[in-house]
Amino acid sequence: MKVSDFGLDIVKTPRLVKLIAFAFLSISTIFLFNHFSDSFSSYPSLHFPISSTTNVTTTSVAVSPSPLPRPKLKISPPPLPPTVVRTGIIDENGAMSDSFDIGGFDPDSVDELKSASGNLSVEEDDSKVEFFIEKLNVCDKRKTDYIPCLDNEEEIKRLNSSERGENYERHCPKQSLDCLIPIPDGYKKPIPWPQSRDKIWFNNVPHTRLVEDKGGQNWIRIEKDKFVFPGGGTQFIHGADQYLDQISQMIPGIAFGTRTRVALDIGCGVASFGAFLMQRNTTTLSIAPNDVHENQIQFALERGVPAMVAVFATRRLLYPSQSFEMIHCSRCRINWTRDDGILLLEANRMLRAGGYFVWAAQPVYKHEDKLQEEWKEMVDLTSRICWELIKKEGYIAVWRKPLNNTCYVSREAGAKPPLCRPDDDPDDVWYVDMKPCITRLPDNGYGANVSTWPARLHDPPERLQSIQMDAYISRKEIMKAESRFWFEVVESYVRVFRWKEFKLRNVMDMRAGFGGFAAALNDLGLDCWVMNVVPSSGFNTLPVIYDRGLVGAMHDWCEPFDTYPRTYDLLHAAFLFSVEKKRCNITNIMLEMDRMLRPGGRVYIRDSLSLMDKLQQLAKAIGWTSGVHDTGEGPHASVRILICDKRI
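Residues numbered from 1 in each chain as written. Predicted model: local features only at pLDDT ≥ 70, side-chain atom pairs only at ≥ 80, totals over all residues. Heavy atoms only, no water.

S.K.: Looking at this structure, I do not really get the pattern of salt bridges. What am I missing?
M.R.: Side chains carrying opposite charge are able to pair once their charged atoms draw close together. Enumeration over the complete set of coordinates arrives at 36 salt bridges. Among the ionic pairs, Glu-559 bridges to Arg-170, the shortest N-O distance being 2.7 Å. Taken as a pair, Glu-559 in the loop between β13 (551–555) and β14 (568–574) and Arg-170 in the loop between α4 (153–157) and β1 (199–201) lie far apart in primary sequence, 389 residues in all. Assessed through its relative accessible area of 8%, Arg-170 is described here as buried. Connected through shared salt-bridge partners, Glu-325, Arg-352, Arg-456, Arg-463 and Asp-547 make up one network. (Salt bridge = Lys/Arg side-chain N within 4 Å of Asp/Glu carboxyl O. Helix = DSSP H or I, 4+ residues; strand = E, 2+ residues; numbered from the N terminus. Buried < 20%, exposed > 50% of the residue type's maximum accessible area, 1.4 Å probe, protein only.)

S.K.: Mind showing me how you'd approach the side chain of Arg-411 here?
M.R.: Here Arg-411 lies in the loop between α12 (406–409) and α13 (475–496). At 3.1 Å, the side chain of Arg-411 forms a polar contact with the backbone oxygen of Arg-384. A distance of 3.4 Å separates a polar atom in the side chain of Arg-411 from the backbone oxygen of Tyr-408. Residues within four places of Arg-411 in sequence aside, it is in contact with Arg-384, Cys-386, Lys-416, Pro-417, Pro-418, Leu-419 and Ile-438. (Polar contact = N/O pair within 3.5 Å; in protein donor to acceptor, adjacent residues only side chain to side chain. Contact = heavy atoms within 4.5 Å.)

S.K.: What am I meant to see in the pairing of strand β12 (residues 529–535) here?
M.R.: Successive residues of a regular strand alternate their side chains across the two faces of the sheet. A large share of β12 lies buried, amounting to 7 of its 7 residues. Of the two faces of β12, both are covered, the one formed by Trp-529, Met-531, Val-533 and Pro-535 as well as the one formed by Val-530, Asn-532 and Val-534. In this sheet, β12 lies alongside strand β11 (residues 506–509) in parallel orientation, the contact comprising 4 bridges. The residue bridging Asp-509 from the neighbouring strand is Asn-532, located in β12. Sheet topology note: the β12/β13 ladder contains 5 bridges and is parallel. Bridging across to β13, Pro-535 finds its partner in His-555. Between the parallel elements β12 and β13, the chain passes through helix α15 (residues 542–547) in a crossover that is right-handed. (Pairing = 2+ DSSP bridges. Right-handed = clockwise from strand over helix to strand, strands pointing away.)

S.K.: Explain the packing of aromatic side chains here, please?
M.R.: Two aromatic rings are characterised by how far apart their centres lie and by the angle between their planes. This structure, assessed with the given rule, holds 28 aromatic pairs. Centre to centre, the rings of Phe-312 and Trp-336 are 5.3 Å apart; their planes meet at 80°, and the pair counts as edge-to-face. In this pair, Phe-312 is assigned in the loop between β6 (307–309) and β7 (324–330) and Trp-336 in the loop between β7 and α9 (338–350), connecting sequence segments 24 residues apart. Here Phe-312 matches Trp-336 in class, with each residue buried. Ring centres of Trp-359 and Trp-399 lie 6.2 Å apart, and the angle between their planes is 45°; this geometry places the pair in the tilted category. Of this pair, Trp-359 sits in strand β8 (residues 351–360) while Trp-399 sits in strand β10 (residues 396–400); the two residues are 40 residues apart in sequence, bridging distant segments of the chain. Residue classification places Trp-359 among the buried residues on the basis of a relative accessible area of 7%. Relative accessible area serves as the criterion here: at 1%, Trp-399 is assigned to the buried category. Through a chain of ring-to-ring contacts, the aromatic side chains of Phe-312, Trp-336, Phe-357, Trp-359, Trp-375, Trp-387 and Trp-399 assemble into a single cluster. (Phe/Tyr/Trp six-rings, centres within 6.5 Å; stacked < 30°, edge-to-face > 60°.)

S.K.: Help me understand the state of the cysteines, please; the structure alone is not making it clear to me.
M.R.: By definition, a disulfide links the sulfur atoms of two cysteine residues through a covalent bond. Scanning all chains against the criterion turns up 6 disulfides. Between the sulfur atoms of Cys-329 and its disulfide mate Cys-332 the distance is 1.9 Å. Its torsion about the S-S bond being -75°, the disulfide of Cys-329 and Cys-332 is classed as left-handed. The pair Cys-329 / Cys-332 is uniform in exposure class, with both members buried. Cysteine pairing for the protein chain, with bonded cysteines counted in sequence order: 1-4, 2-3, 5-6, 7-8, 9-10, 11-12. (Disulfide = S-S within 2.5 Å.)

S.K.: I tried to follow the packing of helix α17 (residues 586–596) against helix α18 (residues 609–622) on my own but got confused; where do I start?
M.R.: Two numbers describe how α17 lies on α18: the axes approach to 10 Å, and their chain directions differ by 45°. Viewed along their axes, α17 and α18 adopt a mutual orientation that is oblique. By crossing handedness, the relation of α17 to α18 is classed as right-handed. Of α18, the residues touching α17 (which contributes Ile-586, Thr-587, Met-590, Leu-591 and Asp-594) are Leu-611, Lys-614, Leu-615, Leu-618, Ala-619 and Ile-622. Of the residues that constitute the contact of α17 with α18, the class distribution is 8 nonpolar, 1 polar and 2 charged. (Axes fitted to C-alpha atoms, helices over the stretch in contact; angles between N-to-C directions. Parallel < 35°, antiparallel > 145°, perpendicular 65-115°, else oblique. Left-handed = near helix turned anticlockwise from the far one by under 90°. Nonpolar A, V, L, I, M, F, W, Y, C, P; charged D, E, K, R; others polar.)

S.K.: Looking at this model, I keep getting lost on the nonpolar core. Mind explaining?
M.R.: Across soluble globular proteins, nonpolar side chains have a tendency to be buried as a group. The biggest cluster of nonpolar side chains holds 148 residues, and the ones touching the most others in it are Phe-312, Tyr-319, Trp-336, Phe-357, Trp-499 and Met-590. In contact with Phe-312, other than residues within four places in its own chain, are Arg-164, Ile-266, Ile-287, Leu-317, Ile-334, Trp-336, Arg-338, Leu-343, Glu-346, Ala-347, Met-350 and Met-434. Judged by nonpolar contacts, the second largest core, of 9 residues, contains Trp-219, Ile-220, Phe-229 and Val-270. (Core = buried A, V, L, I, M, F, W, Y, C linked by side-chain atoms within 4.5 Å.)

S.K.: For this particular structure, what's the right way to read the sheet that holds strand β17 (residues 639–645)?
M.R.: Two modes of strand pairing occur in sheets, parallel and antiparallel, and in both the strands are linked by backbone hydrogen bonds. The mixed open sheet is built from 7 strands, whose spatial order is β13-β12-β11-β14-β15-β17-β16. If you trace the sheet from one side to the other, it starts and ends with β13 and β16 (625–630), each paired once. The sheet shows a mean angle of 20° between the axes of neighbouring strands, direction not considered. Against the sheet, α18 touches β15 (597–608), β16 and β17, its axis set at about 160° to β15.

S.K.: Looking at this structure, how should I read a negative patch on the surface?
M.R.: On the surface, a cluster of negative charge is contributed by Glu-368, Asp-369, Glu-373, Glu-374 and Glu-377. Among the secondary structure elements, Glu-374 is positioned in helix α11 (residues 369–384). (Patch = residues over 30% accessible without salt bridge, like charges linked within 9 Å, V, L, I, M, F, W, Y side chains within 5 Å. Areas by Shrake-Rupley, 256 points an atom, 1.4 Å probe, with all protein chains shown as cover. Lys, Arg positive; Asp, Glu negative; His and termini not counted. Charge placed at Lys NZ, Arg CZ, Asp CG, Glu CD.)

S.K.: Sorry, what's going on with the environment of Gln-372 here?
M.R.: Within the secondary structure, Gln-372 sits in helix α11. Residues Gln-372 and Gln-362 lie 10 residues apart in sequence; the distance between their C-alpha atoms is 9.1 Å. Ignoring sequence-local partners within four residues, the contact set of Gln-372 consists of Pro-363, Lys-366 and His-367.

S.K.: Before we go on, may I ask you to explain α9 in this structure?
M.R.: Residues spaced three or four apart along an α-helix face the same direction, because each turn holds 3.6 residues. The end-to-end C-alpha separation of α9 is 18 Å, in line with the 18 Å expected for 13 residues at 1.5 Å each. Buried residues dominate α9, accounting for 11 of its 13 residues. Among all positions in α9, only Arg-338, Gly-341, Ile-342, Leu-343, Leu-344, Leu-345, Glu-346, Ala-347, Asn-348, Arg-349 and Met-350 are buried. (Expected span 1.5 Å × (residues − 1).)

S.K.: Please clarify how the confidence of the model for the protein chain should be interpreted in this entry.
M.R.: Keep in mind that low pLDDT regions are not for reading the predicted coordinates in detail. The predicted model of the protein chain averages 85 in pLDDT, with 79% of residues at 70 or higher. For the stretch residues 80–89, pLDDT sits under 50, and the model shows 17 contacts to residues farther than four places along the chain or on other chains. (pLDDT = per-residue confidence, 0-100.)

S.K.: Teacher, can you tell me more about the pairing of β14 here?
M.R.: Most of β14 sits inside the fold, with 7 of its 7 residues counted as buried. Here 3 bridges tie β11 to β14, and the two strands are oriented parallel to one another. By the bridge assignment, Val-507 is partnered in β14 with Leu-570. Relative to β15, β14 runs parallel, the two sharing 6 bridges. Bridge pairing in β15 places Leu-570 opposite Arg-602.

Given below as structure tokens:
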């Protein structure tokens, strides 16, 4: 066979025809796929609005004559899942445990969960809302010492009566403060504690009325550019130390610094009584009204002594039942027996079971007929409310409150004053009127059996079980968790931000919880005191705070606080704005913080990331130097810390 004939036969075979057809079909398929794929990629992308408020603008799109080459996609492997860290208070066996890791808390996630379940209406995310505020102006110079709810002259003029001290109670203005409180001329950085106990700068509190009225009683005097405090008082001219020695000798069981840890000084003057009790390891909350003895509390706070403007008038004071182991009244100008003893019954409400009431006044030791009549009325009233007169010596009389209700229930039928109704909550104090009745003591002994100091700072008190909150069995573990969390946080603040160099003295925790932040400051050896504020919008944890040996007050941050301007070195707010943003104006809260903060003071705000831009802009408008920092959870956490300095 010829070779040419052989090649012709191969071409004619069916196998070759099939191969050619298959190759043609494959080439056609590849061509069509590339054609349509490139054509699709030349169309413009479609942008969809992400909210109902997005503005959409239609524009013409020019199609290029030749499509751009498609980028080569790099396919990366999926990221590794994060390491799971066990959190909470239950171990792997399901038992309560003191060993746990505490993560950050984002209140916004709680709101989102509630919104998803239909309990809350969905609100606009703060991080997507544009916020701008111009630099705030300084107020008129007359507002240098302005306390908004106590200096509301227009509202005070409208009062029907002021004979019971109604004019010294809270009357908040409808128009919130919209400017920055000015500082006095010549203001200087405050003298640090403990030197401030004995002297302060004159220009920081430039008021001479107390020098003129009380200079002869060893309260206060002026030396060059300073006020000097010799340590005396109206009833203890020779000094508070000698006076405290006398009380200790009269009542050995008072045991300052161990059994008696928290005291209340009523009508405190310049707070020398509380200042000298500090060195006996007893925290004394000094209170006085904003009355003719001008600026008593401002002097106290400038000295670095725990103090607050407060008055015995018609409403309950802002402290819970059984707060104080001792209540002291030295010439405090209060008529305890008026209106069936309602003012002494308010003191009784706040006095801890088994606590002492110390009264140093003229009726105790003077023999004038009028004063002796006042003494008889006092003795009669105290016996009817079951107080025992422990000692009367010189110008001091001391009574002790009973430990339980046995005396109360054994009184004759119809005895006055009556016991309060069983449904009366003695810890309900925000805008609540005083009641002319004896506050019942808990039948289970809660409040009477606190540990001695310093053990009580960390021993979960029995009254922890009486707090109206969402947990019961686990409350002790929750309190321990809070204490451990804040110890770790504050320890990092002290180490990283060098808190010990700041010489902090007057500190306010604006949302105190169980007092873990204040306990951490104590444990880490910072020589300061903390006003633990419990917002009225949340759980009332004040009884626990006082049982731990700390001090605090109830407050609603939609209103100004009862203190003078420039009285705190550090303001601490943990998740306050996340919680209160639906009720209160955040700008008003920040302005109130500036009013309370000393020049040279600092603000630490720990809150949701979504609020940080707004808060930082407010800080800038106020004139603070500020910066946002990561928490210990790292840069991807939903919580940040805003640190602000108020420069002099």
